[in-house]
Amino acid sequence: MKTTRRSFIQKTALLTGVFSLGFDWFDSKASTGAIQQMNPVLDANRFNAYLAIENTGKVILYSPNPEIGQGIKTAFPIVVAEELDVDWKQVEVRQAHLDTQLFERQLTGGSGALKHSWDRLRKAGATARHMLVQAAAQQWSVDPSTCKTSKGFVIGPNKGQKLAYGALVDAAAKLPVPAEVAYKSRAEYQLIGSFVKGVDNHRVLTGKPQYGLDTQRPGMVIAQIVRPAAFGATLTSFDASEVKKMPGIIDVVSFKNKVAVVGKSTWEVMQARKKLVCNYSDTSNLESDSTHQKWFDEGMKTDKVKVERKDGDFHAAIAKAAKVIEATYECPFLSHSPMEPMNFFADVKPGSVLLVGPTQVPQSAQKAVATLLGVPENTVQVELTKMGGGFGRRLNNDYALEAAELSSIIKMPVKVMWTREDDMTGGIYRPAVRYHFKAGLNEKGEMIAFYLRGVGLNAGNSTRQDNFPVGAIDNVLIESYNYNSAITTGPWRAPITNFLASAEQSFLDEVAVAAGKDPVQMRLDWLQRVKTNPVGKITYEPDRFIEVIKQVAEKAKWGKKGPNVHQGFSVYFSHLSYVAQVAEAKIVDGEPKVTHVTAVTDCGEVINRSGAENQVIGGIIDGYGHAMFGKLSFDKGVPQQKNFDTYKLIRGNEIPTVEAHFVNNGIAPTGLGEPALPPTGGAVANALYAATKKRLYKQPFAGLDNANL
Amino acid sequence: MESIELLINRKKVKVEVDPNTPLLWVLRDHLSLLGTKYGCGIAQCGACTVWIDGEPMRSCVLPVSTVGKSSVTTIEGLNEKAEHPVQVAWDELDVPQCGYCQAGQIMTAAALLKKNPKPSHDDIVAGMSGNICRCGTYHRIHKAVKRAAEIASVSNSTKKK
Ligand code: FES
Ligand code: FES
């Protein structure tokens, strides 16, 4: 008899005894509800299996979402393991590769993964547990409701009735899948909300290859790509004759305004590319910082704006105001600069394309490469690697496309590697934005009119028009204006709000001072108003806002730290989570210094205490570091910072201490990769104002003249 | 091209490379020791930190020809089972986020503790400030160095007994 692959798998399964559930978790598209008895390691995709229990008791979980350091690969399985009720030590987590048949939303971005999958994850675990209990109950001829589970065992009502999940897998696999299952109550949680260490720690600590840049495949060559130094420049000609004479160089090819140098090793390619002579179109009129300032000035005056929101009549109200406060804020372009620079491996062969590398959006990589090469999507296979950070940069697959295009030209498996300089000067930045705010107060110091105009460079709508304090103010006008710049931009951790929040929270502090109000109480008063009588449409829940504000005021001892500690308050809602922060500044040797940040976060249920703390503290350090130091400037289209010697990232001797508290109210979990960042710039600016009485209007704060624009 | 002999993680190896090639690329491209990371290539970030005769060095700017007979230790040679006190502390406090900078952080921390087994908080902050972590894991790094010092002192005193 011929041994087909399937029968081989079945036989293996009979030998090894594996119970595998293939159903609706992670929003599986396959409609099965069927149970397969097989070895998921051999053919997970075919049978749609993400959760497998071996008869040894080992539990294997596949994590479909790309891991960029946000902890998803640990957080997802925690939820399944909790409901399944197994010992965490018996769980092994594996990264699933791209499979559009099986998974939906196989991406990382927008802090949306947990929110999306919470119910599906719980259902996966609870369903398997339910079936294991049924199997045990049948074996003991007892009522299943008299059985319970504990750490991978089913325990029956009578003495000695205890069976390991591993011993029940064969019987459980033959039972029907229940349509509905009960979840654990919060009080029963043992794993959710505890401190769980990263599942990849051992690999990281021992230096195991796992990142995109670590990819090595048989026959693979290395390439680096020379792109125009200036945004807006066109490659007119190039001379690679010297390059080709260099040792280790295999080929030099050009496509889409770029020249690729292909060689045997990284160093040889790095050396050879220095000999490349490229000629470009005239660059004298390309964008400089001064161009951007001119555009911002114009954008503030133009009447061609897009009205993003209008409540009441702002102009009439401001005309009647007893007091008017106005301020302008500005931020520069920023590079994402994840520690692992962009890179991708591609092997384009007739009939099949293999892509391996770091991407937050593997499915769009697959689609885009299929379109680019004119091949069917199902012939493009994407393997996910661990990512050395992303911060939004890897939502854009430009570098994966480059690799695929190059491989199709040179007909070799190739790893395209960006140097740090390529990465920093290669585009897709956080857009530069300028904001203008205006507030009108009545005699009682109440804000009756609120105005915001955002002018962005490739920023789209640079406002978030339905966010607090909108909803609390009778007369609101919010406008945006966008310039198309040759400098490419993209989402950067907490897109738009990463600076909008900073500007707005600084401005509201200025309003509070002008109104003679406490900044914390002012927000609480507004939120009371929203609760009883909101103005227009709002997207946030005032009670959750109120709770984080109250808690942060208490934890940070708001207003009670004595004359030498200068506090700044900020609160922001983004990615469906609420974060309030109090920053503290002290005068050290005559200079103001931010020493501490207290944060209270409402992200609903905290899945992993360790991962959650990491995201909040990391987000605050990220927000603080970039607010203080981050700047990418331009001269005739050329980025002026090329590496970490001139583009300053925050270091360990420059950080404030951070306290991260969580409301942890049991509401379905929401995003955490981004929401801690937006409030930080404002809290810091307000603390520095309290210490120095100087407002900071322009980022980066350090080493700049920060007088009003 | 030159044939160069190296002593890496207590093993002798031979490579055929341009003698100017930085040690980092010899490790990664020629020896497939991929744990040592590239972050900047200009001695700014510390991701590429290895030991040369026990001293932490930035392998991205170290021509392989200058290594000579010195013994090179990379993250792979620190302790395969992750039982070095620094690795233990790093796991216990769950330091890594994306993890990419951590090989360099760990090699720097372990070298620091060899020189200064009981570092003060300021010693730790100063000793670690040459290594960038884009994910911002600095607080846990500082705590973990302190914790590693404790673990090492306990295991040393039990060894003595
Ligand atoms: S890669 Fe060597 S210091 Fe950054
Ligand atoms: S853990 Fe990501 S760069 Fe340090």
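Conventions adopted
Residues numbered from 1 in each chain as written. Chains lettered and ligands numbered in written order. Predicted model: local features only at pLDDT ≥ 70, side-chain atom pairs only at ≥ 80, totals over all residues. Heavy atoms only, no water. Helix = DSSP H or I, 4+ residues; strand = E, 2+ residues; numbered from the N terminus. Rg over C-alpha atoms; globule rule 2.2 N^0.38 Å. Buried < 20%, exposed > 50% of the residue type's maximum accessible area, 1.4 Å probe, protein only. Contact = heavy atoms within 4.5 Å. Areas by Shrake-Rupley, 256 points an atom, 1.4 Å probe, with all protein chains shown as cover. Axes fitted to C-alpha atoms, helices over the stretch in contact; angles between N-to-C directions. Parallel < 35°, antiparallel > 145°, perpendicular 65-115°, else oblique. Left-handed = near helix turned anticlockwise from the far one by under 90°. Nonpolar A, V, L, I, M, F, W, Y, C, P; charged D, E, K, R; others polar. UniProt positions renumbered as here; feature names shortened; annotations may be inferred. Pairing = 2+ DSSP bridges. pLDDT = per-residue confidence, 0-100. Buried area = accessible area lost by both parts, 1.4 Å probe. Salt bridge = Lys/Arg side-chain N within 4 Å of Asp/Glu carboxyl O. Polar contact = N/O pair within 3.5 Å; in protein donor to acceptor, adjacent residues only side chain to side chain. Domains from an automatic or database assignment. Expected span 1.5 Å × (residues − 1). Phe/Tyr/Trp six-rings, centres within 6.5 Å; stacked < 30°, edge-to-face > 60°. Lys NZ or Arg CZ within 6 Å of the ring centre and 35° of its normal.

Novice: Explain the overall build of chain B here, please?
Specialist: Counting its regular elements, chain B contains six helices and five strands. Helices (α) and strands (β) of chain B occur, in sequence order from the N terminus, as β-β-α-β-β-β-α-α-α-α-α. Relative to the globule expectation of 15 Å for 161 residues, the C-alpha radius of gyration of chain B, 16 Å, shows essentially globular dimensions. On the principal axes, the C-alpha backbone points of chain B span a range of 50 × 40 × 25 Å.

Novice: Would you mind going over the overall build of chain A with me for this structure?
Specialist: In terms of regular secondary structure, chain A is built from 18 helices and 28 strands. Burial statistics for chain A: of 709 residues in total, 63% are counted as buried. Sequence-distant contacts in chain A: of pairs separated by 6 or more residues, those separated by 24 or more amount to 76%. A total of about 26,400 Å² of accessible surface is found on chain A, and carbon and sulfur atoms cover 51% of it.

Novice: Any chance you could explain the packing of helix α4 (residues 102-115) of chain B against helix α5 (residues 121-128) of chain B here in plain terms?
Specialist: Any two packed helices are characterised by how steeply their axes cross, that is the angle between the axes, and by the distance between the axes. All names here are of chain B. Close contact between α4 and α5 brings their axes to 10 Å; oriented N to C, the two are set at 135°. If you check the angle between α4 and α5, you find them oblique. Regarding α4 and α5, the two cross each other, and that crossing is right-handed. When α4 is examined against α5, the residues Gln105, Thr108, Ala109 and Leu112 are found in contact with a partner set consisting of Asp123, Gly127 and Met128. Taken together, the residues of the contact of α4 with α5 break down into three nonpolar, three polar and one charged.

Novice: How should I be thinking about the UniProt feature "domain: Ig-like" (unreviewed entry) in chain A in this particular structure?
Specialist: Taking the numbering used here, the UniProt-annotated feature "domain: Ig-like" (unreviewed entry) corresponds to residues 247-331 of chain A. Between the C-alpha atoms that bound residues 247-331 of chain A there is a distance of 45 Å. The span itself is 33% helix and 38% strand.

Novice: Help me out: how do you make sense of the pairing of strand β4 (residues 59-63) of chain A in this one?
Specialist: Consecutive side chains of a regular strand alternate in pointing toward one face of the sheet and then the other. Residues and elements named next belong to chain A. Where burial is concerned, most of β4 is hidden: five out of the five residues are buried. Both faces of β4 are covered, namely the face carrying Val59, Leu61 and Ser63 and the face carrying Ile60 and Tyr62. Sheet topology note: the strand β3 (residues 51-54)/β4 ladder contains three bridges and is antiparallel. Across the sheet, Ile53 pairs through a bridge with Val59, a residue of β4. Hairpin geometry of β3 and β4 is characterised by an intervening segment of four residues between the two adjacent antiparallel strands and by a positive phi of about 100° at Gly57.

Novice: Please explain the confidence of the model for chain B as it appears in this structure.
Specialist: Segments scoring low in pLDDT should not have their predicted coordinates read at a detailed level. Per-residue pLDDT for chain B has a mean of 96; in total, 98% of the residues score no lower than 70. ipTM for the predicted complex: 0.97, alongside a pTM of 0.93.

Novice: Before we go on, may I ask you to explain the interface of chain A and chain B in this structure?
Specialist: How big an interface is tends to be stated in terms of accessible area lost as the parts join. Taken together, the 61 residues of chain A in the interface contact 52 residues of chain B. Together chain A and chain B conceal approximately 4,500 Å² of surface at their shared face, both sides included; 57% is due to carbon and sulfur atoms. Its largest share of buried area at the contact with chain B, chain A owes to Leu205, Trp267 and Met339 of chain A, together 18% of the area lost on that side. Note that Asp91 of chain B is salt-bridged to Lys197 of chain A, the shortest N-O span being 3.1 Å. The tally of links between chain A and chain B comes to 31 residue pairs in polar contact (both at pLDDT 80 or more).

Novice: Help me understand the environment of Ala585 of chain A in this model?
Specialist: Residues and elements named next belong to chain A. By the secondary structure assignment, Ala585 is in strand β24 (residues 577-588). Taking relative accessible area as the criterion, Ala585 reaches 0% and is therefore assigned buried. The contact partners of Ala585, leaving out residues within four places of it in the chain, are Asn564, Val565, His566, Lys593, Val594, Thr595, Ala687, Leu688 and Ala691.

Novice: Quick question: what am I supposed to make of unusual backbone geometry here?
Specialist: Excluding glycine, residues mostly carry a negative phi; peptide bonds, for their part, are mostly trans. Residue and element names in this part refer to chain A. For the bond from Phe468 to Pro469, the omega torsion is 15°, close enough to zero to count as cis. Looking at where Pro469 falls in the secondary structure, it is placed in the loop between β21 (447-457) and β22 (475-483). Looking along the chain, the bond that leaves Gln699 and enters Pro700 is cis, with omega of 0°. Here Pro700 shows up in the segment after α18 (678-692). Unlike most non-glycine residues, Asn257 shows phi in positive territory, near 70°. Take Asn257: its relative accessible area is 29%, and that puts it in the partly exposed class. We note that Ile496 has phi near 65°; this positive angle belongs to a residue other than glycine.

Novice: Got a minute to help me understand the domain arrangement of chain B in this structure?
Specialist: All names here are of chain B. Splitting chain B by domain gives domain 1 (2-78) and domain 2 (85-160). Placing the centre of domain 1 and that of domain 2 at their C-alpha centroids yields a distance of 22 Å. On the side of domain 2, 14 residues touch domain 1, which itself brings 17 residues to the contact. Interface area, domain 1 with domain 2, both sides summed: about 1,300 Å², of which 61% is carbon and sulfur.

Novice: Honestly, the confidence of the model for chain A in this entry has me stumped. Any pointers?
Specialist: All names here are of chain A. Taken residue by residue, chain A gives an average pLDDT of 89. The fraction at 70 or more is 89%. Confidence over residues 22-49 falls short of pLDDT 50; this stretch has 105 contacts with residues more than four positions distant or in other chains. Within the model, pLDDT remains below 50 along residues 704-709, and this stretch shows 17 contacts once partners closer than five positions in the same chain are excluded.

Novice: Hey, could you run me through the sheet that holds strand β3 (residues 49-52) of chain B in this one?
Specialist: Strand pairing within a sheet occurs via backbone hydrogen bonds; the two strands may be parallel or antiparallel. Residues and elements named next belong to chain B. Strands sit in the order β2-β1-β5-β3-β4 across an open sheet of five strands; the sheet is mixed. Only two strands of the sheet have a single neighbouring strand rather than two, namely β2 (11-17) and β4 (55-58). Across the sheet, the axes of successive neighbouring strands diverge by a mean angle of 40°, strand direction being ignored. Across seven bridges, the pairing between strand β1 (residues 2-8) and β2 is antiparallel.

Novice: Before we go on, may I ask you to explain the sheet that holds β24 of chain A in this structure?
Specialist: All names here are of chain A. If you trace the four strands from one edge of the open sheet to the other, you get β23-β24-β25-β28, paired in mixed fashion. Because the sheet does not close on itself, it has two edges, and the strands there are β23 (566-574) and β28 (657-662). The mean angle between the axes of side-by-side strands here comes to 20°, regardless of whether they run parallel or antiparallel. Pairing geometry for β24 and strand β25 (residues 591-602), over eleven bridges, is antiparallel. Considered in β25, the bridge of Val582 is made with Thr598. The strands touched by helix α17 (residues 609-629) are β24, β25 and β28; relative to β28, the strand with the most contacts, the crossing angle is about 135°.

Novice: For this particular structure, what's the right way to read the pattern of salt bridges?
Specialist: Once the charged atoms of two side chains with opposite charge are near each other, the side chains can pair. Residue and element names in this part refer to chain A. Taken as a whole and judged by the stated rule, the model has 43 salt bridges over all chains. Between Lys58 and Glu92 there is a salt bridge whose closest N-O contact spans 2.7 Å. In this pair, Lys58 is assigned in the loop between β3 and β4 and Glu92 in strand β5 (residues 91-95), connecting sequence segments 34 residues apart. Residue Glu92 is classed as partly exposed on the basis of its relative accessible area, which comes to 26%. Residues participating in the shared-partner salt-bridge network are Arg309, Asp311, Asp466 and Lys537.

Novice: Looking at this structure, how should I read helix α15 (residues 519-532) of chain A?
Specialist: Residues and elements named next belong to chain A. A rise of 1.5 Å per residue sets the reference length of α15, with its 14 residues, at 20 Å; its end C-alpha atoms lie 21 Å apart and thus fit the reference within 8%. Three or more residues of α15 are buried, namely Pro519, Val520, Met522, Arg523, Leu524, Trp526, Leu527 and Val530. The inward-facing, buried residues of α15 abut β21, α14 (497-515), α16 (542-555) and β23. Taking the backbone nitrogen of Val520 as reference, a side-chain oxygen 3.1 Å away marks Asp518 as the first, capping residue of α15.

Novice: Just checking my understanding: could you explain the packing of aromatic side chains for this structure?
Specialist: Geometry of an aromatic ring pair is reported as the spacing of the ring centres plus the angle between the planes. Residues and elements named next belong to chain A. In the structure shown here, the tally under the stated rule is 24 aromatic pairs over all chains. Between Tyr435 and Phe499, the aromatic rings sit 5.9 Å apart at their centres with planes inclined by 25°, giving stacked as the arrangement. Of this pair, Tyr435 sits in strand β20 (residues 433-441) while Phe499 is found in helix α14, placing the two residues 64 residues apart along the sequence. The two residues Tyr435 and Phe499 agree in class, both being buried. Seen in terms of ring centroids, Tyr540 and Phe545 are 5.3 Å apart; in terms of plane orientation they differ by 90°. Their pairing is edge-to-face. The residues Tyr540 and Phe545 share a single accessibility class, namely buried. One aromatic cluster is present, formed by Tyr329, Tyr435, Phe437, Phe450, Phe499, Phe507 and Tyr697 through successive ring pairs. In this arrangement the basic side chain of Arg227 is found over the ring face of Trp418, its NZ or CZ atom lying 3.7 Å from the centre. Positioned above the aromatic ring of Trp492 is the side chain of Arg430, whose terminal nitrogen or guanidinium carbon lies 5.9 Å from the ring centre.

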